[in-house]
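Structural description and commentary
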Amino acid sequence: HLTTVEFREAVVDAAHAFFQLPNSSRLETWVGDAHGFVAQSTDRYELIFVDLYDAIGMSESQTSLAFFDHCAARLKDGGVMAINLWRNPASQLEDCQQLLARVFGQKVGYIDVDDANTVALVITGDSSELDAKTLKQRAKRLETRTGLNLSHYLRRISHCDGSGFRPGTPPRPP
């Protein structure tokens, strides 16, 4: 079962019209503020993707301690959260990194996607370090459940240090 939250109804309509977003009993789409959703929800999730942007940059929610606290409460033990972060302005990226460290401690890792984006990864649970084999097993399980091609992203993570995901020093803004 997938739950999506989108702030703008027009984006949901475009996803159905142009990107084959299915009408499915397995897909629940909420139109509204993501911060409000995670603050009110009582459900827990194995996977949370955060990609909150408007016409000028990252949403204010994405630079809020309360938002990340609510996301942490919504993650199941062993759950994963991926957050797309813009690297400019540098101060905003640094603010997000500080908030993530405050909420999740050393369980945050970073992957530079390109010159403008960094993805922060949070893996909850007892282990703050996962080897490549464990990650591959989890990705395959989630691929089966969600239909998403996570292997592509797993290869990027595995190539970060050659042995798997290891939380470490956040990237330096450009």
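No experiment lies behind these values; they were computed from the predicted model shown. Just so you know, the residues in each chain are numbered from 1, in the order the chain's sequence is written. Two thresholds apply to this predicted model, a pLDDT of at least 70 for residue-level local features and 80 or more for giving and counting side-chain atom pairs, whereas whole-chain, interface and lining totals are computed over all residues. To get the side-chain values, take all heavy atoms of the structure and skip hydrogens and water.

What follows deals with the nonpolar core. What is meant by a nonpolar core is a set of buried Ala, Val, Leu, Ile, Met, Phe, Trp, Tyr and Cys residues, joined one to another through side-chain atoms within 4.5 Å. In this scheme, a residue with accessible area under 20% of its type's maximum is buried, one over 50% is exposed, and one in between is partly exposed, where area comes from a 1.4 Å probe on protein chains only. Grouped together as the largest cluster of nonpolar side chains are 25 residues, with contacts concentrated most on Phe67, Met81, Ile83, Leu85 and Leu100. The way it works is that DSSP assigns letters per residue, a run of H or I at least four long becomes a helix, a run of E at least two long becomes a strand, and they are numbered from the N terminus. Only helix H2 (34-40), strand S3 (45-50), helix H3 (65-74), strand S6 (75-86), helix H4 (90-104), strand S7 (108-112) and strand S8 (117-123) provide two or more residues apiece to this core. If one sorts the elements of this core by residue count, H4 sits on top with five residues. Ignoring anything within four residues of it in the chain, the contact list for Leu100 reads Phe68, Met81, Ile83, Leu85, Gly105, Val108, Tyr110 and Ala120. Every residue pair with non-hydrogen atoms within 4.5 Å of one another is taken to be in contact.

Moving on: the pairing of strand S2 (residues 27-31). Here a strand pair is declared whenever DSSP counts at least two bridges between the two strands. Inspection of the sheet shows strand S1 (residues 2-6) paired to S2 by five bridges, in the parallel sense. Bridge assignment links Leu2 to a residue of S2, and that residue is Leu27.

Let us now look at the sheet that holds S8. In space, the four strands of this open sheet follow the order S3-S6-S8-S7, with mixed pairing throughout. Of all strands in the sheet, those bounded by a partner on one side alone are S3 and S7. Neighbour to neighbour, the strand axes of the sheet diverge by 15 degrees on average, direction disregarded. Both S7 and S8 contribute to a ladder of five bridges, which runs antiparallel. Among the inter-strand pairings, Ile111 is bridged to a residue of S8, identified as Val119. For helices, the fitted line uses only the C-alpha atoms of the stretch in contact; every axis is such a line through C-alpha atoms, and the angle between N-to-C directions lies from 0 to 180 degrees.

Attention now goes to the confidence of the model for the chain. Averaged over all residues, the pLDDT of the chain is 80; the fraction at 70 or higher stands at 83%. One number per residue, pLDDT, summarises how confident the predictor is, and it ranges from 0 to 100. By mean pLDDT, the top-scoring element of the chain is H3 (94), and the lowest-scoring one is helix H6 (residues 151-161) (58).

Any carboxyl oxygen of Asp or Glu that lies within 4 Å of a side-chain nitrogen of Lys or Arg is treated as forming a salt bridge with it. Throughout the structure, instances matching the rule amount to three salt bridges. Residue Glu6 is joined to Arg8 by a salt bridge in which the shortest nitrogen-to-oxygen separation is 3.4 Å. Residue Glu6 is classed as buried on the basis of its relative accessible area, which comes to 19%. Relative accessible area serves as the criterion here: at 36%, Arg8 is assigned to the partly exposed category.

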